[in-house]
Amino acid sequence: MTTNINQEYVVVGAGISGLLIAKKLLAQSASVILIGPEDHREQTLCSWRHQNTPEFYIDHIIGSWDQWGFSAQEKVLVQKADRFRYEALNGKTLKTALEIYLSKQIGFTRVKESVIETTTNHEKFIVRTDSNSFNTLNLLDSRPPTLKNETLIQQFYGITIEYEETKRVAPYPILMDFNVSSQTKDAVIFIYVIPMSDKSLMIEATLFGKSLIEEQELRRVAIDWIKKKCHYKEVTDQILFEEKGIIPMGPVSFDRVGQPIGVAAGAARPSSGYTLHGLERQLRKYDMSNNMIDLSTSPYSTQSAWMDNIFLRVLRNNPSVGKDIFLTMAKALTGDQMAGFMMDEFSIRQAAQLILALPSKPFVKALLRP
């Protein structure tokens, strides 16, 4: 079957990016065909906020905190904020809710097949699945991009467990705990902890580095942390679910036809990997401009891009120095300053103050190296 589309949109990929962008287009009275299998993966979405949580997210909030911690050498440094908060959402239930919502909208068509091929023929794009072919003038593709050789990688493996003493171990998110059982000179590895409820914790082993490692190694790091902090001899019976992923930290290539969206369009903040906030910024820019290009270009400011570029140069030159950089930032910044930096809401003066507080030698090398 071939569907001929004039001004309608075909969106490839039914993850958070594809679903939210389809929702936005439908709200503007466009017609949308969303193609791709339903995404049933466990997914915890975290971001800083200083405004009300979008109404559609309310039922999916895991927690919202005005403080968060960093840990090293068994000591915890806590940052508190007045203007910002850190929020965690249940990505799996949010994706399900978006699927249900979209299915009820006029002008929406859902094709739950994998895309085999996307090509172009003159001014039209052709999307082929196992049993269908779609012609469109407007193709948006949210599938993962290709990483460039110089791009660093954020690799993570998370385990959510039942635990009766959540408030003792993590009364608030621990963004980075460097008390881990594995480190390497080619990467910085840390534990990230989210209190999912009063009786459950998500423990995620995260790597910032030049290359991937075996995911079972990251899983082992998470398991070791659980055994040590939660005093479990065995963890298997306590596991509720697991999640894993890879996020680019730096430039990516879009080597398909059509227009990239989501991570492929720079939604992930290069220095941290946080993506939801970037996607929301792209959607807001598109709301104001009604220009599709705003869905496919980086939503971050020039000064943020400059800071991220310098930071990533430092990590690329010597990933192991990341621990010192992050801990120095945690000590030098207030909670509001940290959140403002992560949300791309900081001044050039604040950026200069932060750079002066960081270890000078690796940054000087990064600035001098082309």
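Residue numbers restart at each chain and count upward from 1, following the sequence in its written direction. The predicted origin of the model limits local features to residues at a pLDDT of at least 70 and limits the giving and counting of side-chain atom pairs to 80 or more, whereas totals for whole chains, interfaces and linings rest on all residues. Heavy atoms from the whole structure form the basis of all side-chain values; hydrogens and water molecules are not counted.

### Examining the sheet that holds strand β7 (residues 75-80)
Applicable threshold: Between any two strands, pairing holds if DSSP finds at least two bridges. Helix numbers and strand numbers start at the N terminus; a helix is a DSSP run of H or I with at least 4 residues, a strand a run of E with at least 2. In this analysis, axes come from line fits to C-alpha atoms, helices being fitted only over the stretch in contact, and the angle between any two N-to-C directions falls in the range 0 to 180 degrees.
Strand order in the open sheet formed by 7 strands is β7-β6-β16-β17-β18-β15-β19, and the pairing between neighbours is mixed. Edge positions in the sheet fall to β7 and β19 (239-249), since each has one partner strand and no second. Strand-to-strand twist of the sheet, defined as the mean angle between neighbouring strand axes without regard to direction, takes the value 20°. Bridging between strand β15 (residues 152-162) and strand β18 (residues 200-209) involves 10 bridges; their strand directions are antiparallel. The residue of β18 that forms the bridge with Ile-161 is Leu-201.

### Observations concerning the confidence of the model for the chain
Put simply, the test is: Values of pLDDT, ranging from 0 to 100, describe the predictor's confidence in every residue of the model. Two residues form a contact once any of their heavy atoms are found within 4.5 Å.
Residues at a pLDDT of 70 or more form 96% of the chain, whose mean pLDDT is 92. For the stretch residues 1-6, pLDDT sits under 50, and the model shows 17 contacts to residues farther than four places along the chain or on other chains.

### Digging into the side chain of Ser-71
This is how the line gets drawn: Side-chain atoms alone can form a polar contact between residues adjacent in sequence; in general such a contact is a pair of N or O atoms within 3.5 Å, and within protein one must be able to donate a hydrogen while the other accepts it.
One can find Ser-71 in strand β6 (residues 67-72). Within the local environment of Ser-71, its side chain forms a polar contact with the side chain of Asn-179, the two groups lying 3.0 Å apart. The contacts of Ser-71, once residues within four sequence positions are left out, are Val-76, Met-176, Asp-177, Phe-178 and Asn-179.

### Observations concerning the environment of Thr-118
Residue position: Thr-118 is located in strand β10 (residues 115-121). Put simply, Thr-118 and Met-329 are 211 residues apart on the chain and 44 Å apart in space, counted from C-alpha to C-alpha. Once residues lying within four places of it in the same chain are set aside, the contact partners of Thr-118 are Ile-126, Val-127, Leu-139, Arg-143, Arg-256 and Val-257.

### Regarding the environment of Trp-225
Its location among the elements puts Trp-225 in helix α4 (residues 215-230). It is 7.6 Å that separates the C-alpha atoms of Trp-225 and Ser-181, two residues lying 44 residues apart in sequence. Beyond its immediate stretch of four places on either side in the chain, Trp-225 contacts Val-169, Asp-177, Asn-179, Ile-191, Val-193, Ile-203 and Cys-230. Here Asp-177 takes part through its side chain, which lies 2.9 Å from a polar atom of the side chain of Trp-225.

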